[in-house]
Amino acid sequence: MNAWDFHCAGQLTVGRGAIGRSGAMAARRGWRRVWIATDRPLIEAGLVDRVAGPLREAGIAIEVYGEGMPEPSIERAQEAASAARRFTPDAVLGLGGGSNMDLAKIVSVLLAHPGGPRDYLGFDRVPGPVGPLICVPTTAGTGSEVSHSAVLTDTSDRMKVSTLSPLLRPTLAIVDPAMTDGCPRRVTADSGIDALVHAIEAYTATRAEDLALEPGEAIGYSGGTPLTDPIAERAIELVGRHLARAVGEPNDREARDGMALAATLAGIAFSNAGVALVHALEYPIGGAFHCSHGAGNGLLLPHVMRFNLSVRADRMARIAALLGVPVDGLRVEEAAERAIEAVEGLGAAIGIPARLREFGVPRAALPEMARKAFAIRRLRLTNPRACEESDLLAILEAAH
């Protein structure tokens, strides 16, 4: 059996009103200057003020960088790091969805080490500790507040690229569901289905003892373990119970609270066990056609589940039950098929597109998308069923 590791944020603070404790927690650690990576819509919505207020009350100087963007480019990350360097912060705070939190992570790397974002792409390329990092999500989906990864867009290759390092786990993660109140319907849906993708890919990932690594090879994930399984199960259950309500009833606090917890649990699960072919396929599609990461993942999820069905029927049957599907009396294979149908039904209910062509993806682009996805070895290794490039093309054709 391969040895496996388990990681999370240094401190995870969860609950309504938790953001009010941010100043005290920062001051206790001796942080006197905090640089905030966020975006214009969050500034205009007043969410930045809700974070900045407690920090200022604690005597902490802040600077707000409001040029965050969805799926930030490598160039934007370099620009952000230059801005942060001029402020000389004690800590960097990422406020927003995964894009802003990932931007903050890369900035933390570039404040501590020379070079640019490209120097740290891949796994374990960060050579040493980075500065203190605080993450505050305003959506419920990415799990970046507890993960060790940061995703940027390589505009030259039209491809999403990742930096993964245990050193990128936030020092402090503050998950306050109130920060997601009022989140737009489309963002709620896309981020929420992303949480489900994270949980299902973690739950069905290659087991730790089955990872086919070369001698000395490390990929940033440990595979599924007895510790990630129950965390992923709880995340799946919470998404099944709360996502449609959070989308349809945006002021439903119980649904918002449930999704905030689900997203963080899914982030803990996937950033240890791993994600797999759904993400491998979405990276080139998102990079080339600029669909939201969550919507792209949500569209692809049932198709990858169907590809993996032959080797994960028992787990998919369990997923069906966790999503509230009546499975008593069904054979395992029947229950597993119901899980895929439930995922498709949930996606349809919250407006996730059903076909890649709805994102403007032409059929002629599919071979290149499959080629790029197949090149991401770390995500093939964590997929429970071995694949060839032709299998990935078949999945994309089925999804088109």
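Just above sits the structure.
Parameters and conventions
Residues numbered from 1 in each chain as written. Predicted model: local features only at pLDDT ≥ 70, side-chain atom pairs only at ≥ 80, totals over all residues. Heavy atoms only, no water. Helix = DSSP H or I, 4+ residues; strand = E, 2+ residues; numbered from the N terminus. Rg over C-alpha atoms; globule rule 2.2 N^0.38 Å. Buried < 20%, exposed > 50% of the residue type's maximum accessible area, 1.4 Å probe, protein only. Contact = heavy atoms within 4.5 Å. Areas by Shrake-Rupley, 256 points an atom, 1.4 Å probe, with all protein chains shown as cover. Lys, Arg positive; Asp, Glu negative; His and termini not counted. Charge placed at Lys NZ, Arg CZ, Asp CG, Glu CD. Pairing = 2+ DSSP bridges. Polar contact = N/O pair within 3.5 Å; in protein donor to acceptor, adjacent residues only side chain to side chain. Axes fitted to C-alpha atoms, helices over the stretch in contact; angles between N-to-C directions. Parallel < 35°, antiparallel > 145°, perpendicular 65-115°, else oblique. Left-handed = near helix turned anticlockwise from the far one by under 90°. Nonpolar A, V, L, I, M, F, W, Y, C, P; charged D, E, K, R; others polar. Patch = residues over 30% accessible without salt bridge, like charges linked within 9 Å, V, L, I, M, F, W, Y side chains within 5 Å. Salt bridge = Lys/Arg side-chain N within 4 Å of Asp/Glu carboxyl O. Expected span 1.5 Å × (residues − 1).

Draft legend 1. Fine view of the overall build of the chain. Looking only at helices and strands, the chain has 15 helices and nine strands in total. Computed over its C-alpha atoms, the radius of gyration of the chain comes to 20 Å, within 12% of the 21 Å expected for a compact globule of 400 residues. Considering only C-alpha atoms, the chain reaches an extent of 60 × 45 × 45 Å along its principal axes. Taking all 400 residues of the chain together, the buried fraction comes to 61%. In the chain, of all internal contacts separated by at least 6 residues, the share reaching a separation of at least 24 is 78%. As displayed, the chain offers around 14800 Å² of accessible surface, 51% of which is attributable to carbon and sulfur atoms. Of the charged side chains in the chain, 41 are positive and 47 negative, and the gap between their average positions amounts to 3 Å.

Draft legend 2. Region of interest: the pairing of strand 8 (residues 159-164). Here strand 8 lies mainly inside the structure; six of its six residues are buried. What you see with strand 8 is no split at all: Met 159, Val 161 and Thr 163 on one side and Lys 160, Ser 162 and Leu 164 on the other are buried throughout. Here strand 5 (residues 122-123) pairs with strand 8 via two bridges, running parallel. By the bridge assignment, Gly 122 is partnered in strand 8 with Thr 163. Between the end of strand 7 (residues 149-154) and the start of strand 8, which pair antiparallel, lie four residues, with Arg 158 showing a positive phi angle near 50 degrees.

Draft legend 3. Region of the structure containing the pairing of strand 7. Along strand 7, six of the six residues are buried, which leaves the element largely enclosed by surrounding structure. Of the two faces of strand 7, the one holding Ser 149, Val 151 and Thr 153 and the one holding Ala 150, Leu 152 and Asp 154 are both buried throughout.

Draft legend 4. Representation of the side chain of Ser 147. Structurally, the position occupied by Ser 147 is in the loop between strand 6 (133-137) and strand 7. Within the structure, Ser 147 has its side chain in polar contact with the backbone nitrogen of Ser 149 (distance 3.4 Å). Residues within four places of Ser 147 in sequence aside, it is in contact with Lys 105, Leu 168, Arg 169, Pro 170, Phe 270 and Ser 271.

Draft legend 5. Fine view of the sheet that holds strand 3 (residues 61-65). Taken together, the six strands give an open sheet; going across it, the order is 1-9-6-4-2-3, and neighbouring strands pair in parallel fashion. Looking at strand neighbours, the two that pair on one side only are strand 1 (11-14) and strand 3, the edges of this open sheet. In this sheet, neighbouring strand axes are inclined to one another by 15 degrees on average, regardless of whether the strands run parallel or antiparallel. Both strand 6 and strand 9 (residues 172-175) contribute to a ladder of two bridges, which runs parallel. Counted as the bridge partner of Cys 135 is Ala 173 from strand 9. Contacting strand 2 (33-37) and strand 3, helix 4 (residues 74-87) runs over the sheet at an angle of about 160 degrees to strand 3.

Draft legend 6. Up close: the packing of helix 6 (residues 185-204) against helix 12 (residues 332-349). For the pair helix 6 and helix 12, interaxial distance at closest approach is 10 Å and the crossing angle is 165 degrees. Classified by the angle their axes make, helix 6 and helix 12 are roughly antiparallel. Every pair of crossing elements has a handedness; the one defined by helix 6 and helix 12 is left-handed. Contacts between helix 6 and helix 12 pair Arg 185, Ile 193, Leu 196 and Ile 200 from the former with Val 343, Leu 346 and Ala 349 from the latter. Taken together, the residues of the contact of helix 6 with helix 12 sort by class into six nonpolar, no polar and one charged.

Draft legend 7. Highlighting a nonpolar patch on the surface. Taken together, the side chains of Leu 12, Val 14 and Leu 261 define a hydrophobic patch exposed on the protein surface, amounting to about 220 Å² of accessible area. Residue placement: Val 14 occurs in strand 1. Given the relative accessible area of 46%, Val 14 is considered partly exposed.

Draft legend 8. Up close: the environment of Asp 5. Residue placement: Asp 5 occurs in the segment before strand 1. Excluding anything up to four places from it in sequence, Asp 5 contacts Ser 222 and Asn 272.

Draft legend 9. How the structure looks around the sheet that holds strand 8. One open sheet accounts for three strands, arranged 5-8-7; its pairing is mixed. Only two strands of the sheet have a single neighbouring strand rather than two, namely strand 5 and strand 7. Helix 5 (residues 98-112) rests against strand 7 and strand 8 of the sheet, and its axis sits at about 95 degrees to strand 7.

Draft legend 10. Region of interest: helix 9 (residues 277-289). The end-to-end C-alpha separation of helix 9 is 18 Å, in line with the 18 Å expected for 13 residues at 1.5 Å each. Most of helix 9 sits inside the fold, with 13 of its 13 residues counted as buried. His 290 lies just past helix 9 and shows a positive phi near 60 degrees.

Draft legend 11. Looking closely at the pattern of salt bridges. Tallied over the entire structure, the rule returns 22 salt bridges. Where Asp 257 meets Arg 16, a salt bridge forms, and the shortest distance between an N and an O atom there is 2.8 Å. Of this pair, Asp 257 sits in helix 8 (residues 253-273) while Arg 16 is found in the loop between strand 1 and helix 1 (22-28), placing the two residues 241 residues apart along the sequence. The salt bridge partner of Asp 190 is Arg 186, with a shortest N-O separation of 3.1 Å.

Geometric descriptors of this kind do not, in isolation, establish any biological role.
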